Amino acid sequence: MELASTQDPYLRVVVHTAVCCRALTLLLQAVFDLLIPDHTADAFSPPRLPEPGEYDLLLERLLGGLAHWDAEHFLFIAEWGYLYEHNCAFFPLYPLSLRAVADSALWPLRQLLCLWSRLLLSAVLLNSVFSVLAAAALYKLGCAVLRCRRTAFLAALLFCISPANVFMAAAYSESMFAFLAFSAMWQLEKGQSWLSMLLFSLATGVRANGLVNAGFFLYSRSKSFALQLQVGSGSVRRLALLWRQLLSVAFSILTTCAGICLPFALFQYYAYMRFCSPGLELAVPEPLRQLALDKGYRLVSPHGVKPPWCSQRFPVVYSYIQDVYWNVGFLRYFELRQVPNFLLALPVSLLSSWAAWTFIIANPRHCLTLGLERRKKKREGKPRAGFCCPAVFVYVVHATALLVLGFFCMHVQVLTRFLGSSSPVLYWFSAHLLQGHEAWLWEEGAGGQSAVPVRERCALGAAPGSCGKGPAGGHPLLRLLLSYRSMTAVGRCLLGFFASYWLLGLVLHCNRLPWT
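Residues numbered from 1 in each chain as written. Predicted model: local features only at pLDDT ≥ 70, side-chain atom pairs only at ≥ 80, totals over all residues. Heavy atoms only, no water.

Asks: Give me the lowdown on the overall build of the protein, citing residues and values where you can.
Replies: Counting its regular elements, the protein contains 21 helices and zero strands. Burial statistics for the protein: of 516 residues in total, 52% are counted as buried. Surface summary for the protein: the accessible area is close to 23,700 Å², and the carbon and sulfur share equals 65%. (Helix = DSSP H or I, 4+ residues; strand = E, 2+ residues; numbered from the N terminus. Buried < 20%, exposed > 50% of the residue type's maximum accessible area, 1.4 Å probe, protein only. Areas by Shrake-Rupley, 256 points an atom, 1.4 Å probe, with all protein chains shown as cover.)

As C-alpha cells, this is what we get:
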C-alpha cells in the first residue's frame, strides 16, 4: 500500500520516529516493571499451564508489564480459544494473529519458551510493526485529506507519543485496529473502494467499534449521489438515469456495509454455536475448570444448559457480556465513585469537543448541509487546507459519534485509547492547534520575538536533515519537546497531555494499577 515510499523524506522521519518511540516504550516499561512492585488487582488472571521455565520467567520479567488487564484475555484466547463465555467480548482476529506468529515465526523457540511466552513475544513484535505502520498510514491519510503536508507530518509525530501509547505496545488490539482503520480511510480517499472495504472489514474482526466505520461508505456514496442530483436538468431521460444511479448507489451501500459487518455477524454465530449448541463438550484442564468455579465464569455446558442470551430473539453474545459482566449501558457509569475516571477522560473529551466546535464555526454552511451541497467555486474561491478544510467533515462526525458513545454508554476512562486508536481527528486537531499557536515552530529564521535562540528555532516543517545536528536542530519531535518552556499555554497543555499520559500509562498499566 505504498506506506514505505522512499521518495518522501517526511514519511521516513515518521517511520523512524515511530520505531524509536516504540523501542523507548519497551525499555521504559521493563524498567518500571522491575522497579515498582505489581499491584494486586481483581482482574482476569488465569494460571500458567504448564509451569513456566527459566527462560519463560526471564521473558516475563522483561515484557510482563505488557500482559496485564485485557491483555490477559487476548493471550488466553490465543492459547486456549474461547473457553469462557466472557472471553467473547474480545474479537478473534488479533488473538488469531498472535497464535499464527507464535506457531510459525517463533516456532524455533519452542524448546526454550512455552506457548504463552511465545504469544507474548508475538504480541510485542506485531504491535511494534502495526504501530509503525499506523503512524505511516496516518501521515498518508493526512496528506490526502488535509492537503497540508506539514499538518499531516506533525499529526503523525504526535501519534508516536499518543496518550494511548501503552495500549499500542501491550498485548491489546489497538495498534492493529489503528493500522487497519487509518489504512482503510486512506484507501477510500484514493478511490480504492474495494480495498478500503476489505481493510474496514478486517478492522471489524479486531474490534466491535469497527462497525461504525460503515458510515464512511454510507456518506461517500450518498454525497456522490447528492452532488449528481444538482447537475443537469430534470428531463424524463435524466430522471430515468438517476433512478438507475439510485439503485446502483443503494446496492453499493448495502454491499459494502454488509462486508464491513460480516466479521461481527460471523463471530456472533460462532459464539452461538459454541455456547448454545447441545452436546458439545470440551476438554478443559482442571486448573482452568477450577478457576471457572471460583470466579463464576461460564464454560460450555455438556448438559445442554444454555446461557440466557441463547434464548433471545437476536442472540448477540457481545451485548450480553457488556451488559452482564461489565455493566456497560446508557448512563450506567454516571456514579459519584466514578468521578476519578471521568477526570481521566476529561482531556480527550475536551479536545475532541473543541475539535468539533472549531470545525463547525469554520464551516457552518457545510455542516448544516452535511456537505451535500455542490460548492460554488466563484463565490467561495479556493477551498482551504488543513484541519478546517471541508473534507474533514466526515471524520469530525465519526470522532464526535465515538465521543458521545464512549462518554454516555461505556466505561468512560477508555475514551483515550478508544479515540486514540480509531480516529485521526485527535491528532489532526492537536497539530492544528500547535500550528496555530506556535507559529515560530514553522517559520525558519523567524523574528526575535521568541525566547528561543535563533539557532534553535528551526522549522518543524523544514526539510528533514536541514536543521543541523545540535540538540534542538536534530529530530523534529525532540525539538518540539525541548521547546516546551517557550510555548504558549495551549501548546504546553497539549504537549503536557500527550507526554504525561504517554509516561503515566507505562508506570501504572505495567504494574497492574488502574489506567485508561
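That was the structure; now back to the text.
Asks: How would you summarise the packing of aromatic side chains if you had to cite specific residues and measurements?
Replies: The description of an aromatic ring pair uses the distance of the two centres, along with the angle that the planes make with each other. Within the structure shown, the criterion is met by 43 aromatic pairs. For the pair Y10 and F153, a centre-to-centre distance of 5.0 Å together with 80 degrees between the ring planes defines the contact as edge-to-face. Separated by 143 residues along the polypeptide, Y10 in helix α1 (residues 9-35) and F153 in helix α6 (residues 149-160) bring together distant segments of the chain. Judged by its relative accessible area of 8%, Y10 is buried. For F153, a relative accessible area of 1% puts it in the buried group. Ring centres of F159 and Y427 lie 5.2 Å apart, and the angle between their planes is 80 degrees; this geometry places the pair in the edge-to-face category. Taken together, the residues F159 in helix α6 and Y427 in helix α19 (residues 425-437) connect sequence positions 268 residues apart. When its relative accessible area of 5% is taken as the criterion, F159 is described as buried. Judged by its relative accessible area of 0%, Y427 is buried. The ring of W116 is capped by R48, whose NZ or CZ atom sits 3.8 Å from the centre of that ring. (Phe/Tyr/Trp six-rings, centres within 6.5 Å; stacked < 30°, edge-to-face > 60°. Lys NZ or Arg CZ within 6 Å of the ring centre and 35° of its normal.)

Asks: Requested: an account of a nonpolar patch on the surface, with residues and values cited.
Replies: Together, L24, L27, V31, L34 and L35 give the surface a local cluster of nonpolar side chains, amounting to about 470 Å² of exposed area. Residue placement: V31 occurs in helix α1. (Patch = residues over 30% accessible without salt bridge, like charges linked within 9 Å, V, L, I, M, F, W, Y side chains within 5 Å. Salt bridge = Lys/Arg side-chain N within 4 Å of Asp/Glu carboxyl O.)

Asks: Outline empty space enclosed by the protein, listing residues and values.
Replies: Inspection of every chain in the model, using the stated rule, returns five cavities of 30 Å³ or more. Empty space within the largest cavity amounts to approximately 70 Å³. Looking at the lining of the largest cavity, the elements with two or more residues in it are α1, α5 (115-146), α6 and α7 (165-169). Of the residues forming the lining of the largest cavity, the biggest block, three residues, is contributed by α1. Here the residues of the lining of the largest cavity sort into six nonpolar, three polar and one charged. In this structure, the second largest cavity occupies an estimated 60 Å³ of space. Lining the second largest cavity, in full, are P46, P47, R48, L49, E72, F76, E79, W80 and W116. Looking at which element gives the most residues to the lining of the second largest cavity, the answer is helix α3 (residues 70-80), with four residues. (1 Å grid on protein atoms, 1.4 Å probe; cavity = no way out; pocket = protein on both sides within 12 Å on 5 of 7 lines; lining within 4 Å. Points joined across faces, edges and corners; volume = space filled by probe spheres on them. Nonpolar A, V, L, I, M, F, W, Y, C, P; charged D, E, K, R; others polar.)

Asks: Could you give me a rundown of α5, with the residues and numbers involved?
Replies: A rise of 1.5 Å per residue sets the reference length of α5, with its 32 residues, at 46 Å; its end C-alpha atoms lie 45 Å apart and thus fit the reference within 8%. By the criterion of burial, α5 is predominantly enclosed, with 27 of the 32 residues buried. Within two residues after α5, R147 carries a phi angle of roughly 55 degrees, on the positive side. (Expected span 1.5 Å × (residues − 1).)

Asks: Pulling in residues and values, what's your account of the UniProt feature "transmembrane region" (unreviewed entry) in the protein?
Replies: Residues annotated by UniProt as "transmembrane region" (unreviewed entry) correspond here to residues 119-139, 151-173, 193-219, 246-271, 342-364, 385-408 and 489-508. Split by type, residues 119-139 is 100% helix and 0% strand. Its first and last C-alpha atoms lie 30 Å apart. (UniProt positions renumbered as here; feature names shortened; annotations may be inferred.)

Asks: Any chance you could break down the layout of surface pockets for me, citing the residues and the numbers?
Replies: Taken as a whole, the largest pocket holds about 1,600 Å³ of empty space. In terms of lining residues, the largest pocket is bounded by 46 residues, among which D70, Q322, W326, H411 and R417 are the most central. Residue assignment for the lining of the largest pocket shows that the elements contributing at least two residues are α3, α13 (317-324), α17 (393-409) and α18 (415-420). Ranked by the residues each element gives to the lining of the largest pocket, the list is headed by α13, at four residues.

Asks: Could you give me a rundown of the nonpolar core, with the residues and numbers involved?
Replies: A general feature of soluble globular proteins is that nonpolar side chains tend to end up buried together. L158, F159, F387, V392, Y395 and W428 are the most contacted members of the largest nonpolar core, which has 148 residues in total. Of all the elements, α5 adds the most residues to this core, at 19 residues. Beyond its immediate stretch of four places on either side in the chain, F159 contacts S131, A134, A135, L138, M168, A178, F182, G420 and Y427. Counting 10 residues, the second-largest nonpolar core is a separate cluster that includes F44, F76, L288 and L291. (Core = buried A, V, L, I, M, F, W, Y, C linked by side-chain atoms within 4.5 Å. Contact = heavy atoms within 4.5 Å.)

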